[in-house]
Amino acid sequence: MDLHHWLGTAADEIGKWQHEFGAFEQHPALAVTDEDFAEAFAELADRLRDNYPFFHPRYAAQMLKPPHPAAVVGYLTAMLVNPNNHALDGGPATARMEREVVADLASMFGYTEHLGHLTTSGTIANLEALFVARETHPGQGVAYSEDAHYTHGRMCHLLGMPSFPVSTDSAGRMDLDALEVLLRTGRVGTVVMTAGTTGLGALDPIDQALELRERHGVRIHVDAAYGGFFALVADDSADGVAAAPFRAIASCDSVVIDPHKHGLQPYGCGAVLFKDPAVGRFYKHDSPYTYFTSDQLHLGEISLECSRAGASAAALWLTFRMLPLKPDGLGAVLRPGRRAALRWAELLAGSEVLQPYQSPELDIISYLPRARRLSEVDALTARIMEAGMSAAPSQAVFLATYGVSAPALTARGHDIEADVPTGRILRSVLMKPESEAWVENLHAEVERLAAAAR
């Protein structure tokens, strides 16, 4: 795909559409000379060099990668119009596109009926899900695993709801025995299950949690912001992921997903979906100057956010046209990262200087330098990460760290002296499909850094 060509075509096509309405003179206050712009743009380009190479497989740290070129072209094309998907008159075309992509997402999760929309982030999407949870279960709190994203505790505080972190097992998944003890108190009305924790990529046992819902009458919300698109490869195959947790989402009350992660979209693009369209009643409001051009439901009538970029819907719509939500579509983009994580786990198990922290369930790998004491693990981790980042660009390796406790290490079979209560280990997100071809190089580089750090 020739990005330069299609960016030019985007500007041309929108120019043709604008020309249909007749020419007019731009106000002189908006005028900028090419000479002045060139100077400012040169400064912008220079300042943007102060970034990590998110596009390169050498970057194996956080959940960052560039959007797909189709998303870039879709976003830019719509951005030249600048529609607002809050009300239908603000973006009729992109509002229809949003409905279509949301329906695609709902179908991927097995929802036959749904109510949902795009958001600016998974944080806002989770806020909306917990808002509805508060309205359906007033006076009750929310339970989520200790390894769930910190947004749930923050949003519960914002909504004035009690929150209850639940302990995890030796794989970083919610401990359902601990959850049931909590549910027996009657203080919990909603349970958040995570499909891909952002720290370890762990999959909470969503399928088993459904039994607890029936017993205790709680609502189940799934935070699939990171791992949701793995539903496309949830087939229990060698390079797929566990099927049962993803199949169970179809029976859950709500789900959140971030297309700006594995959906190849620019930030920010999240989505929230509800299984029961009747929850739209909790959003009911009116505006004397907004909802007047159509009797159809305006997306702003089922959203806590007001203005939202129609360009996000256009970008996602165009991406799904090129890479549909099928195993051989977008699913084929996810499998290489999954294979990379599995291969790196094998290499780490055979290393003399590194070892895996636990087996990966998605495409996030966690590992640590071999050492006798937790304080040594922490110090070596810091030196490895800093040395990798400070190397010349053609030799650099970008890694992240993850905080662990001594009991968590013991639970995973690591015989390390707990001379300090907590320490840092290494963590890599292999969400770029190019990581598969680079994983051997990455491992060799990190092994070299680990040996030099001693």
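Which parts of the structure should I look at to understand the overall build of the chain?
When its secondary structure is counted, the chain shows 14 helices and 11 strands. For 454 residues, the compact-globule formula gives about 22 Å, and the C-alpha radius of gyration of the chain, at 24 Å, lands near that figure. Across its three principal axes, the chain shows a C-alpha extent of roughly 75 × 60 × 40 Å. Within the span of the chain, comprising 454 residues, buried residues form 52% of the whole. A sequence separation of at least 24 residues applies to 74% of the contacts in the chain between residues at least 6 apart. Counting only carbon and sulfur atoms, one obtains 54% of the accessible surface of the chain, whose full area is about 21000 Å².

For this particular structure, what's the right way to read the sheet that holds strand β5 (residues 219–224)?
By definition, the strands of a sheet pair up through backbone hydrogen bonds, in either a parallel or an antiparallel sense. Strand order in the open sheet formed by 7 strands is β1-β7-β6-β5-β4-β2-β3, and the pairing between neighbours is mixed. This sheet does not close on itself; its edge strands, each paired only once, are β1 (115–119) and β3 (163–166). Recorded for the sheet is a direction-independent mean angle of 20° between the axes of neighbouring strands. Here 5 bridges tie strand β4 (residues 188–194) to β5, and the two strands are oriented parallel to one another. Paired with Met 193 across the bridge in β5 is Val 222. Docked against the sheet, helix α4 (residues 92–108) engages β1, β6 (254–257) and β7 (270–274), running at close to 115° with respect to β1. Contacting β4 and β5, helix α8 (residues 206–216) crosses the sheet at an angle of about 160° to β5.

How do you make sense of the pattern of salt bridges when you look at a structure like this?
Between side chains of opposite charge, a pair can form as their charged atoms come close. Enumeration over the complete set of coordinates arrives at 19 salt bridges. For Glu 214, the salt bridge identified is with Arg 213, shortest N-O distance 3.3 Å. Take Glu 214: its relative accessible area is 60%, and that puts it in the exposed class. Given the relative accessible area of 15%, Arg 213 is considered buried.

Could you clarify how one ought to interpret the pairing of β4 in this entry?
Consecutive residues of a regular strand have side chains that alternate between opposite faces of the sheet. Along β4, 7 of the 7 residues are buried, which leaves the element largely enclosed by surrounding structure. Since β4 and β5 lie parallel, the crossover through α8 that links them has a hand, and here it is right-handed.

Looking at this structure, I do not really get the sheet that holds strand β10 (residues 400–405). What am I missing?
An order of β8-β9-β11-β10 is seen for the 4 strands of this open sheet, with the pairing classed as antiparallel. With one partner strand each, in any of the chains shown, β8 (354–356) and β10 form the two edges of the open sheet. Each neighbouring strand pair of the sheet contributes to a mean axis angle of 40°, computed without reference to strand direction. Across 4 bridges, strand β9 (residues 364–369) lies against strand β11 (residues 422–429) in antiparallel orientation.

Sorry if this is basic, but what is going on with the nonpolar core here?
The tendency in soluble globular proteins is for nonpolar side chains to be buried side by side. By size, the foremost hydrophobic cluster in this structure holds 59 residues, and its most contacted members are Leu 105, Leu 179, Val 191, Val 222, Phe 229 and Leu 330. For this core, the element with the most residues is α4, which contributes 5 residues. Once residues lying within four places of it in the same chain are set aside, the contact partners of Leu 105 are Phe 229, Ile 257, Ala 271, Leu 273, Phe 320 and Leu 325. Leu 347, Ile 384, Val 397 and Ala 453 belong to the second-largest nonpolar core, a separate cluster that totals 37 residues.

I would appreciate a short explanation of the packing of aromatic side chains in the present structure.
The relation between two aromatic rings is expressed through the spacing of the ring centres and the mutual angle of the planes. Tallying each qualifying case throughout the model produces 9 aromatic pairs. Grouping aromatic residues by their ring pairs yields a cluster made of Tyr 52, Phe 54, Tyr 59 and Phe 398.

Would you mind showing me how to read a nonpolar patch on the surface here?
On the surface, Val 32, Phe 37, Phe 41, Leu 44 and Leu 48 cluster together into a nonpolar patch covering about 510 Å² of accessible area. Mapped onto the elements of the fold, Phe 41 is located in helix α2 (residues 34–47).

Help me out: how do you make sense of the packing of helix α7 (residues 176–183) against α8 in this one?
For any two helices packed against each other, the geometry comes down to the angle between their axes and how far apart the axes lie. Packing of α7 against α8 leaves a shortest axis separation of 11 Å and a crossing angle of 15°. When the axes of α7 and α8 are compared, the pair comes out roughly parallel. As α7 runs across α8, the sense of the crossing is right-handed. Contacts between α7 and α8 pair Leu 176, Leu 179, Glu 180 and Leu 183 from the former with Gln 208, Ala 209, Leu 212, Arg 215 and His 216 from the latter. Its residues assigned to classes, the contact of α7 with α8 comprises 5 nonpolar, 2 polar and 2 charged.

I keep staring at the environment of Gly 153 and nothing clicks. Help me out?
Of note, Gly 153 is situated in helix α6 (residues 151–159). By relative accessible area, Gly 153 is classed as partly exposed at 22%.

Help me understand the environment of Gly 227, please; the structure alone is not making it clear to me.
With respect to the helices and strands, the residue Gly 227 is situated in the loop between β5 and α9 (243–248). Residue Gly 227 is classed as buried on the basis of its relative accessible area, which comes to 0%. Considering only alpha carbons, one finds Gly 227 and Asn 441, 214 residues apart in sequence, at a separation of 26 Å. In contact with Gly 227, not counting residues within four places along its chain, are Ala 195, Gly 196, Phe 246 and Leu 362.

Please clarify how the side chain of Ser 303 should be interpreted in this entry.
Along the chain, the position of Ser 303 falls in the loop between β7 and α10 (310–322). Separated by 3.5 Å, the side chains of Ser 303 and Glu 128 make a polar contact. A polar contact of 3.0 Å, which involves the side chain of Ser 303, links it to the backbone nitrogen of Glu 305.

What am I meant to see in unusual backbone geometry here?
Note the cis peptide between Tyr 267 and Gly 268, where omega equals -5°. Checked against the element boundaries, Gly 268 lands in the loop between β6 and β7. A positive phi is found at Asp 236, a non-glycine position, where the angle reads about 60°. Turning to its location among the elements, Asp 236 is positioned in the loop between β5 and α9.

Teacher, can you tell me more about the environment of Leu 48 here?
Here Leu 48 shows up in the loop between α2 and α3 (69–79). Residues Leu 48 and Thr 185, spaced 137 residues apart in sequence, show a C-alpha to C-alpha distance of 52 Å.

Parameters and conventions
Residues numbered from 1 in each chain as written. Predicted model: local features only at pLDDT ≥ 70, side-chain atom pairs only at ≥ 80, totals over all residues. Heavy atoms only, no water. Helix = DSSP H or I, 4+ residues; strand = E, 2+ residues; numbered from the N terminus. Rg over C-alpha atoms; globule rule 2.2 N^0.38 Å. Buried < 20%, exposed > 50% of the residue type's maximum accessible area, 1.4 Å probe, protein only. Contact = heavy atoms within 4.5 Å. Areas by Shrake-Rupley, 256 points an atom, 1.4 Å probe, with all protein chains shown as cover. Pairing = 2+ DSSP bridges. Axes fitted to C-alpha atoms, helices over the stretch in contact; angles between N-to-C directions. Salt bridge = Lys/Arg side-chain N within 4 Å of Asp/Glu carboxyl O. Right-handed = clockwise from strand over helix to strand, strands pointing away. Core = buried A, V, L, I, M, F, W, Y, C linked by side-chain atoms within 4.5 Å. Phe/Tyr/Trp six-rings, centres within 6.5 Å; stacked < 30°, edge-to-face > 60°. Patch = residues over 30% accessible without salt bridge, like charges linked within 9 Å, V, L, I, M, F, W, Y side chains within 5 Å. Parallel < 35°, antiparallel > 145°, perpendicular 65-115°, else oblique. Left-handed = near helix turned anticlockwise from the far one by under 90°. Nonpolar A, V, L, I, M, F, W, Y, C, P; charged D, E, K, R; others polar. Polar contact = N/O pair within 3.5 Å; in protein donor to acceptor, adjacent residues only side chain to side chain.

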